[in-house]
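# Observations on chain architecture
Below are the chains, spelled out letter by letter.
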Amino acid sequence: MNYQKNKEELLRKVEELEVEFIHLQFTDIVGIMKDVTITVEQLEKALDNKIMFDGSSIDGFVRIEESDMYLIPDLSTFAVFPWTNFHKEARLICDVYNMDGTPFEGCPRNTLKKMLKEAEEMGYKLMVGPECEFFLFNTDEKGNPSLETHDDAGYFDLAPVDLGGDARNQMIVALKEMGFRIEASHHEGAPGQHEIDFEYDDALKTADNIMTFKMVVRIIAQRNGLHATFMPKPKIGVNGSGMHLNMSLADLEGKNVFNDQEEELKLSETAYHFLGGLMKHARAYTVLTNPTVNSYKRLVPGYEAPVLIAWSASNRSPLIRIPAERGEATRIELRSPDPSANPYLALAATLKAGLDGIVNKIDPPEQVTSNIYEMGAEEIEERAIDRLPINLYQALQELAKNEIIKSSLGEHVYRRVVSAAQYEWKEYSKYVSQWELDRYLRKY
Amino acid sequence: MNTCKIVVADSDSKSREIICGFLKKKGYLVHTAADSSSALRVSRSIMPHLVIMDVNLVGGNAYKTARIIEDDKISNVIFITNKLDNFFYDWLKTMNIYAYVVKPLNLEQLFQTVEFSINNVNRLNELKTKIEQLETSLKNRKKLDRAKGIVMKMLNISEDEAYGYLRKKSMDMCISIDVVAEKIIKKYG
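This structure is a prediction, so every number in the text was calculated from the model and none was measured.

## So, the overall build of chain B
Across its full length, chain B holds seven helices and five strands. Along chain B, helices (α) and strands (β) appear in the sequence β-α-β-α-β-α-β-α-β-α-α-α when read from the amino end. The C-alpha atoms of chain B give a radius of gyration of 24 Å, which is well past the 16 Å a tight globule of 189 residues would have. Each of the 189 residues in chain B was classed as buried or not, and the buried ones make up 42%. Here the analysis covers contacts within chain B between residues at least 6 apart in sequence; of these, 57% occur between residues at least 24 apart. Looking at chain B as shown, the accessible area adds up to about 10700 Å², and 54% of this sits on carbon and sulfur atoms. Counting 30 positive and 22 negative side-chain charges, chain B places the averaged centre of each group 4 Å from the other.

Next up, the structure:
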């Protein structure tokens, strides 16, 4: 990750570190990391961009008749997996290209790159710092995840060891060795819930980092006999897992453009317009920041997750918060995204929303200073505060109505996102849950 | 060796009971695990002196689980197996201790293997620590020599004076002389 090297240097490094396997990684449309593993002997071929794979076997990529695709490794993403000792393994994150050498428009990383280029043409660079939450659960005797957390598991009777905390520390060590700069890590609100924050970086690197982070957390958890899940709301009655995104724009020299010392809240006009865009298009990009049926079970009142589309510089309840730090750290915190989101697409869509705010000079509504969780229905109506979509189906409809956000994805990705979400919703609608049985079986 | 902690990881409850009961009688502190994940959790919790693992442990590949336990320096693993094939022997060669027990179990053989393993491991660990210490001091020595060379050249002083200079810096800055050497090499080397 901290290697920025040319081909020869990388080959030398791989030899020096005695790496035996290289994972060529890319992300599919639903945000799952895919991996083509090659031996070190094939690395040169990979670096010459000659590694092909069958794109039709990946969800949402291509049809069978156009299946051959190329993986183009990004050399700056080289990192060795620190937990592999016996046979050393490393990875390279790749872009997916068509046979004719053009970037494949269904590759989420290409989608984000395209959007970042649009921002760059306007003179901006998106910087993002994520706050990623997850749960650690025990696995059962078959190795399947359970909902039992290590916090209340019986092993404390054996010895006073915090297995989860220990695993989290190992995750941090591994992430650091892979080039992450960790800002903070702590146990979260719910039993078994943890958060690790890493330092902000440019949007592409942060999206890569989020994918890497999820992989590292899962692997280290497994090595600890635990299961890590980024499912947004795995347990009823406790907080879900979010992935707040701290966003700021820098100019091409790297200077934060959200900062304005003269203004009352020390926010620039650009910041207000970006904020205005984020709020205006919130309903449309939610299907990308919260792409699963389960995501909407997190976005309910009472569990520190946002429900209403409002912003505040002082309290943490609304969709958008402006953290108190100013100067170069001036930023906007979007609180709705959850870790099931495909980070490339979520960032492309939210960036587009913000940029549209800047282009069309969209002013945000007045900020909410009181605790929005305690606001009555009347006050909400009076202030014309809208709410986030209540389920995946509604979110999908909102995206269909919004040409601006659709344009950030491109036709291919948009169609695949829609068909994936529709399928998800259809399957879910057919399912009869335990809740329904408990509620209706005796009653009717 | 009576206070040694052992984890018995075997999915067969009957065989687990037999091994556990026998080792307890021999004076060991025994914990059990019935699957791979709990073998990892229990081992990480109690950091045993030895893990005895059946190769047919369910819930994950036993060999890979054993590799994690040894790679992460939690403990050392000896296998229980009912299938002595080339794959097993090849894998065994990569483990810390070349020892195993076969099923059906001969308890006396098990006891001997456990004793042998724990004693050998202790010796092995002592040697490993010694080697590590020697390697570090050798590395530091080399660093110090290099830093001395740099200081001698820069300030045009003798070797003793250069050493004195580094020692003074280390005392002034309240850091070890090796760290001072490292800093000098990084900055001027």
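## Quick word on the packing of helix α5 (residues 107-155) of chain B against helix α7 (residues 177-188) of chain B
All names here are of chain B. Viewed as axis vectors pointing N to C, α5 and α7 meet at an angle of 55°, and their least axial separation amounts to 8 Å. By the criterion of interaxial angle, the relationship of α5 to α7 is oblique. As α5 runs across α7, the sense of the crossing is left-handed. Residue-level inspection shows N140, K143, L144, R146, A147, I150, V151 and M154 of α5 in contact with α7, the latter providing I177, D178, A181, E182, I184, I185 and Y188. Partitioned by chemical class, the residues of the contact of α5 with α7 number ten nonpolar, one polar and four charged.

## Let's talk about the sheet that holds strand β3 (residues 50-54) of chain B
Residues and elements named next belong to chain B. Read from one edge to the other, the open sheet built from five strands follows the order β2-β1-β3-β4-β5, with strand pairing classed as parallel. A strand with exactly one partner marks an edge of an open sheet, and here the two such strands are β2 (29-33) and β5 (100-102). Averaged over neighbouring strand pairs, the angle between their axes works out to 20° when direction is ignored. Here strand β1 (residues 5-9) pairs with β2 via five bridges, running parallel. Paired with V8 across the bridge in β2 is T32. Contacts from helix α4 (residues 86-93) reach β4 (77-81) and β5 within the one sheet, and its direction differs from that of β4 by about 170°.

## With respect to unusual backbone geometry
In the segment running from K103 of chain B into P104 of chain B, the intervening peptide bond is cis, with an omega of 0°. Along the polypeptide, P104 of chain B turns up in the loop between β5 and α5. Located in the positive-phi region is N49 of chain A, a residue other than glycine, with phi close to 60°. Not every positive phi belongs to a glycine, and C174 of chain B is a case in point at roughly 55°.

## Structural notes on helix α12 (residues 403-430) of chain A
All names here are of chain A. When the terminal C-alpha atoms of α12 are compared, their 30 Å separation across 28 residues is substantially less than the 40 Å that a helix rising 1.5 Å per residue should span. Listed in full, the buried residues belonging to α12 are I405, K406, S408, L409, G410, H412, V413, Y414, V417, V418 and A421. Close packing links the buried residues of α12 with α3 (108-121), α7 (282-289), α9 (343-359) and α11 (392-401). The opening residue of α12 is N402, an N-cap whose side-chain oxygen sits 3.1 Å from the backbone nitrogen of I404.

## Section: the domain arrangement of chain A
Residue and element names in this part refer to chain A. Segmentation of chain A into domains returns domain 1 (3-102) and domain 2 (114-436). Here the C-alpha centroids of domain 1 and domain 2 sit 27 Å apart. Taken together, the contact pairs 18 residues of domain 1 with 20 residues of domain 2. Looking only at domain 1, the three residues that lose the most surface to domain 2 are I29, P82 and W83, adding up to 40% of its buried area. Counted by class, the side of domain 1 that touches domain 2 contains eleven nonpolar, five polar and two charged residues.

## Here we look at the packing of aromatic side chains
All names here are of chain B. As enumerated under the stated definition, the model contains 23 aromatic pairs over all chains in all. Between Y89 and Y100 the ring centres are 6.0 Å apart and the planes differ by 75°, which places this aromatic pair in the edge-to-face class. Note that Y89 is positioned in helix α4 and Y100 in strand β5, a separation of eleven residues in sequence. Residue class for Y89 comes out partly exposed when judged on its relative accessible area of 25%. With a relative accessible area of 22%, Y100 lands in the partly exposed category. An aromatic cluster of at least three residues, connected via ring pairs, comprises Y63, F79, F87, F88, Y89, W91 and Y100.

## Re the pairing of strand β9 (residues 182-187) of chain A
Residue and element names in this part refer to chain A. The sheet contact formed by β9 and strand β10 (residues 193-198) spans five bridges and is antiparallel. Paired with H187 across the strands is H194, a residue of β10. Connecting the antiparallel pair β9 and β10 is a turn made up of five residues, with G192 showing a positive phi of about 80°.

## Regarding a nonpolar patch on the surface
The grouping of M154, L155, Y165 and Y188 of chain B at the surface amounts to a nonpolar patch, some 400 Å² of accessible area in total. One can find Y188 of chain B in helix α7.

## Focus: the packing of α7 of chain A against α12 of chain A
All names here are of chain A. At a closest axis distance of 12 Å, the pairing of α7 and α12 adopts a crossing angle of 45°. Viewed along their axes, α7 and α12 adopt a mutual orientation that is oblique. The crossing of α7 and α12 is left-handed. Every residue of α12 that contacts α7 at A284, Y285 and L288 is listed here: I405, L409 and V417. When the residues that make up the contact of α7 with α12 are grouped by side-chain class, the tally is six nonpolar, no polar and no charged.

What counts, and where the lines are drawn
- Residues numbered from 1 in each chain as written.
- Chains lettered and ligands numbered in written order.
- Predicted model: local features only at pLDDT ≥ 70, side-chain atom pairs only at ≥ 80, totals over all residues.
- Heavy atoms only, no water.
- Helix = DSSP H or I, 4+ residues; strand = E, 2+ residues; numbered from the N terminus.
- Rg over C-alpha atoms; globule rule 2.2 N^0.38 Å.
- Buried < 20%, exposed > 50% of the residue type's maximum accessible area, 1.4 Å probe, protein only.
- Contact = heavy atoms within 4.5 Å.
- Areas by Shrake-Rupley, 256 points an atom, 1.4 Å probe, with all protein chains shown as cover.
- Lys, Arg positive; Asp, Glu negative; His and termini not counted.
- Charge placed at Lys NZ, Arg CZ, Asp CG, Glu CD.
- Axes fitted to C-alpha atoms, helices over the stretch in contact; angles between N-to-C directions.
- Parallel < 35°, antiparallel > 145°, perpendicular 65-115°, else oblique.
- Left-handed = near helix turned anticlockwise from the far one by under 90°.
- Nonpolar A, V, L, I, M, F, W, Y, C, P; charged D, E, K, R; others polar.
- Pairing = 2+ DSSP bridges.
- Expected span 1.5 Å × (residues − 1).
- Polar contact = N/O pair within 3.5 Å; in protein donor to acceptor, adjacent residues only side chain to side chain.
- Domains from an automatic or database assignment.
- Buried area = accessible area lost by both parts, 1.4 Å probe.
- Phe/Tyr/Trp six-rings, centres within 6.5 Å; stacked < 30°, edge-to-face > 60°.
- Patch = residues over 30% accessible without salt bridge, like charges linked within 9 Å, V, L, I, M, F, W, Y side chains within 5 Å.
- Salt bridge = Lys/Arg side-chain N within 4 Å of Asp/Glu carboxyl O.

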